Amino acid sequence: MTNPDPDGSTGAEPGSPADKQVLVRVTEETREQWKEAAEALSISLSELVRSSVQSKVNDTLYCQHPMQFRKSYPWSESCLKCGVRLRA
Ligand SMILES: [Zn+2]
């Protein structure tokens, strides 16, 4: 499957419009690599960028520690590793 205009597809789930654009400047070489990888994965370049960035965002913003590090109370739950409160 080819994507003649990968940047034109949003990959948004129905009901959640992906209507914001993020412009990223890369070298020609990087762009070709990204396109090649996207084609190998049978996804659009946009989707590759979206999913890759989102993965990094989740790792950065949200606790990824296993359950064993969680301190649970009936009224709250927090992570002992990073101190993030997982449940209010
Ligand atoms: Zn944590």
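Values in this document were obtained by computation on a predicted structure and should not be read as measured data. (Residues numbered from 1 in each chain as written. Predicted model: local features only at pLDDT ≥ 70, side-chain atom pairs only at ≥ 80, totals over all residues.)

From N to C terminus, the chain includes 2 helices and 3 strands. If you list the helices and strands of the chain from N to C, you get α-α-β-β-β. Taken over 88 residues, the chain has a buried fraction of 2%. (Helix = DSSP H or I, 4+ residues; strand = E, 2+ residues; numbered from the N terminus. Buried ≥ 20, exposed ≤ 12 C-beta atoms within 10 Å, placed from the backbone.)

What follows is about unusual backbone geometry. Although it is not a glycine, Ser42 sits at a positive phi angle of roughly 60 degrees. Assignment of secondary structure puts Ser42 in the loop between α1 (28–40) and α2 (45–61).

This part is about the sheet that holds strand β3 (residues 85–87). Ordered in space as β1-β2-β3, the 3 strands form an open sheet in which the pairing is antiparallel. Both outer strands of the open sheet, β1 (70–72) and β3, are each paired with one neighbouring strand and no more. Each adjacent strand pair in this sheet contributes to an overall mean axis angle of 25 degrees, direction not counted. As judged from the 3 bridges shared by β1 and strand β2 (residues 77–79), these two strands associate in the antiparallel manner. For Lys71, the partnering residue across the bridge sits in β2 and is Ser78. (Pairing = 2+ DSSP bridges. Axes fitted to C-alpha atoms, helices over the stretch in contact; angles between N-to-C directions.)

Take α1 next. Taking 1.5 Å per residue as the helical rise, α1 with its 13 residues ought to reach 18 Å, and the 18 Å between its terminal C-alpha atoms agrees with that figure. For α1, the buried fraction is low: 0 of the 13 residues fall into the buried class. Trailing α1 by a residue or two, Ser42 shows a phi angle of about 60 degrees, which is positive. (Expected span 1.5 Å × (residues − 1).)

Residue position: Leu86 is located in strand β3. Among the residues examined, Leu86 registers 14 C-beta atoms within 10 Å and is labelled partly exposed. In this structure Leu86 touches Cys63, Arg70, Glu77, Ser78 and Cys79, once residues within four positions along its chain are discounted. (Contact = placed C-beta atoms within 7 Å.)

As a further point, take the confidence of the model for the chain. Residues of the chain with pLDDT of at least 70 account for 84%, and the chain-wide mean is 85. The least confident element of the chain, judged by mean pLDDT, is β3 at 81; the most confident is α1 at 98. (pLDDT = per-residue confidence, 0-100.)

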